[in-house]
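An overview of the molecular structure
Read off the chains here:
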Amino acid sequence: MKKLLVAFAAVAAFSAHADTLTVAATPVPHAEILEFVKPALAKDGVDLKVKVFTDYIQPNVQVAEKRLDANFFQHQPYLDEFNKAKGTDLVAVAGVHLEPLGAYSSKYKALTELPGGANVVIPNDATNGGRALLLLAKAGLIKLKDSNNILSTVKDITENTKDLKFRELEAATIPRVLTQVDLALINTNYALEAKLDPSKDALVIEGNDSPYVNILVARPDDKDSEDMKKLIAALHSPEVKAFILEKYKGAVLPAF
């Protein structure tokens, strides 16, 4: 009984003195990485609360509205477009990992097998849609007006020899239609949730030179807080690097 009371007192003392940091994240791998660093942050006096979202809008909205402290789900090009479109001023405070975007098919084993008029689905947000088109252009399926424009759209396609038919859907929903289309461009976090193995299942995938590093994002007034610095240190630890490499087997790569 005495040991139980001592343990209870220790927990109560931690709860009384710990700072709470609430971070939004998409389930895989972002929330998993945050859950991994929870114990280290607890030892450092920070009670990390992870709020899971399955969309790319609310995490930014709720941080901007001060309902959450930070989020972890996006890359810089997406954040730039969101700030421009919504009039927010969210900022990146740390780069954590890279999730290579890939092209998947349940019908074909190589891009060369795609028939004329094949149905292709890409993300409907500006940055990931452009990212998907750049990947297809690099693979030789299409040509674009500017092969360096990360905001390219289907209207920028100048050559489409296979007469590919493009459809745009919300990124989170694309894995659900994989069996209904010929080719689907899927973000790695959603591919992992759908039990796809990007390193084996993707017909083509971004390389290590991709600029789409996933970042921890906060408001300008909170980016330099002591708790945020502790979270950044935890996310950039050798333990997190080892966790990412071991758990995701190359489907997710450390960016620090």
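Residues numbered from 1 in each chain as written. Predicted model: local features only at pLDDT ≥ 70, side-chain atom pairs only at ≥ 80, totals over all residues. Heavy atoms only, no water.

A look at the domain arrangement of the protein chain
To keep things clear, this is the line we draw: Domain start and stop positions are those given by an automatic or database domain assignment. Buried area is a sum: the accessible area each of two parts loses on coming together, probed at 1.4 Å, counted once for each and added. Whenever two N or O atoms come within 3.5 Å, that pair is a polar contact, provided that in protein one can donate a hydrogen and the other can accept it, and provided that, for residues adjacent in sequence, both atoms are side-chain atoms. Numbering of helices and strands runs from the N terminus; a helix is a DSSP stretch of H or I covering at least four residues, while a strand is a stretch of E covering at least two.
Its domain assignment divides the protein chain into domain 1 (20–99 + 212–254) and domain 2 (102–205). Of note, the centres of domain 1 and domain 2, computed from C-alpha atoms alone, are 26 Å apart. Summed over both sides, the interface between domain 1 and domain 2 buries roughly 1500 Å², with carbon and sulfur atoms accounting for 58% of that surface. The tally of links between domain 1 and domain 2 comes to five residue pairs in polar contact (both at pLDDT 80 or more). Of all elements in the fold, only helix H2 (27–43) and helix H4 (76–86) reach the threshold of two or more residues within the side of domain 1 that touches domain 2. Counting residues per element, the side of domain 1 that touches domain 2 draws most heavily on H2, which supplies four residues.

Details of H2
Here is the rule we go by: Expected span of a helix: the number of residues minus one, times 1.5 Å. We define the bend at each residue as the angle formed by axes fitted to the 7 residues ending at it and the 7 residues starting at it.
An ideal rise of 1.5 Å per residue puts 24 Å on 17 residues; H2 measures up with 24 Å between its terminal C-alpha atoms. Largest kink in H2: about 40 degrees, centred on Val-37, with the proline Pro-39 one to four residues after it. Backbone geometry just downstream of H2 places Gly-45 in the positive-phi region, at approximately 85 degrees.

Some points on the sheet that holds strand S5 (residues 102–104)
Our working rule: Two strands make a pair as long as DSSP finds a minimum of two bridges between them. The criterion used for residue contact is that any of the two residues' heavy atoms lie within 4.5 Å. For helices, the axis comes from a line fit to the C-alpha atoms of the stretch in contact; other axes are also lines fit to C-alpha atoms, and the angle between any two N-to-C directions lies between 0 and 180 degrees.
Read from one edge to the other, the open sheet built from five strands follows the order S9-S6-S10-S5-S11, with strand pairing classed as mixed. Edge strands, defined here as strands with exactly one partner in the open sheet, are strand S9 (165–169) and strand S11 (204–205). Taken together, the two bridges between S5 and S11 define a ladder with antiparallel strand orientation. By the bridge assignment, Gly-102 is partnered in S11 with Ile-205. With respect to the sheet, helix H5 (residues 126–138) is in contact with S5, strand S6 (119–123), S9, strand S10 (183–186) and S11, its orientation differing from that of S6 by roughly 135 degrees.

Side note on H4
Using the following cut-off: Relative accessibility decides the category of a residue: with a 1.4 Å probe and only protein chains considered, values under 20% of the type maximum give buried, values over 50% give exposed, and everything between is partly exposed.
Listed as buried for H4 are Pro-77, Tyr-78, Leu-79, Phe-82 and Asn-83. The inward-facing, buried residues of H4 contact helix H3 (58–64), strand S3 (70–75), strand S4 (91–98), H5 and strand S12 (213–218). Gly-87 occupies a position one or two residues after H4 and carries a positive phi of about 75 degrees.

What to know about the pattern of salt bridges
The line we're drawing: Definition used for salt bridges: Asp or Glu carboxyl oxygen within 4 Å of a side-chain nitrogen of Lys or Arg.
For the structure on display, the rule yields 13 salt bridges. A salt bridge links Lys-249 to Glu-246; its shortest N-O distance comes to 3.0 Å. Comparing Lys-249 with Glu-246 shows no difference in burial state: the two are exposed.

Structural notes on the sheet that holds S3
Taken together, six strands build an open sheet; the order of strands is S2-S1-S3-S12-S4-S13 and the sheet is mixed. Strands at the two margins of the open sheet, each flanked by one partner only, are strand S2 (46–52) and strand S13 (253–254). As judged from the three bridges shared by strand S1 (residues 19–25) and S3, these two strands associate in the parallel manner. By the bridge assignment, Ala-24 is partnered in S3 with Asn-71. Helix-sheet contacts for H4 involve S3, S4 and S12, and the interaxial angle to S3 is about 110 degrees.

A word on the packing of aromatic side chains
Our working definition: Two aromatic rings from Phe, Tyr or Trp, using only the six-membered ring of Trp, form a pair when their centres are within 6.5 Å; if the ring planes differ by under 30 degrees the pair is stacked, by over 60 it is edge-to-face, and anything between is tilted.
In this structure the tally under the stated criterion is six aromatic pairs. Taking 4.3 Å as the distance between ring centres and 20 degrees as the angle between the ring planes, the aromatic pair formed by Phe-36 and Phe-243 counts as stacked. Taken together, the positions of Phe-36 in helix H2 and Phe-243 in helix H9 (residues 238–248) put the pair 207 residues apart, joining distant regions of the chain. On the numbers, 6.2 Å between centres and 90 degrees between planes, the contact of Phe-243 with Tyr-248 is edge-to-face. By relative accessible area, which is 6% here, Tyr-248 ends up buried. Here a set of aromatic residues connected by ring pairs shows up, and it is made of Tyr-56, Phe-73, Tyr-78 and Tyr-190.

Quick notes on the layout of surface pockets
The following threshold applies: Grid spacing is 1 Å over the protein atoms alone, the probe is 1.4 Å, and a cavity is where that probe fits but cannot get out, while a pocket is an open set with protein on both sides within 12 Å along at least five of seven lines and lining residues have an atom within 4 Å of a point. Grid points are joined across faces, edges and corners, and a volume is the space filled by probe spheres set on the points. Any residue outside Ala, Val, Leu, Ile, Met, Phe, Trp, Tyr, Cys, Pro, Asp, Glu, Lys and Arg is labelled polar, Gly included; the first ten of those are nonpolar and the last four are charged.
In this structure, the largest pocket occupies an estimated 350 Å³ of space. Along the walls of the largest pocket sit 16 residues, with Leu-134, Leu-135, Lys-138, Glu-206 and Pro-211 positioned nearest its centre. Among the secondary structure elements, those contributing two or more residues to the lining of the largest pocket are H5 and S11. The dominant element in the lining of the largest pocket, judged by the number of residues it contributes, is H5, at five residues. Split into classes, the residues belonging to the lining of the largest pocket amount to eight nonpolar, four polar and four charged. Its volume calculated, the second largest pocket comes out at about 290 Å³. Lining the second largest pocket are 16 residues, with Tyr-56, Ile-57, Tyr-78, Asp-125 and Ala-126 positioned closest to its centre. Secondary structure elements with two or more residues in the lining of the second largest pocket: H4 and H5. Looking at the lining of the second largest pocket, the element that brings in the most residues is H4, giving five residues. Tallied by class, the residues present in the lining of the second largest pocket amount to nine nonpolar, two polar and five charged. Built from parts of two domains, the lining of the second largest pocket gets at least three residues from each of domain 1 (20–99 + 212–254) and domain 2 (102–205).

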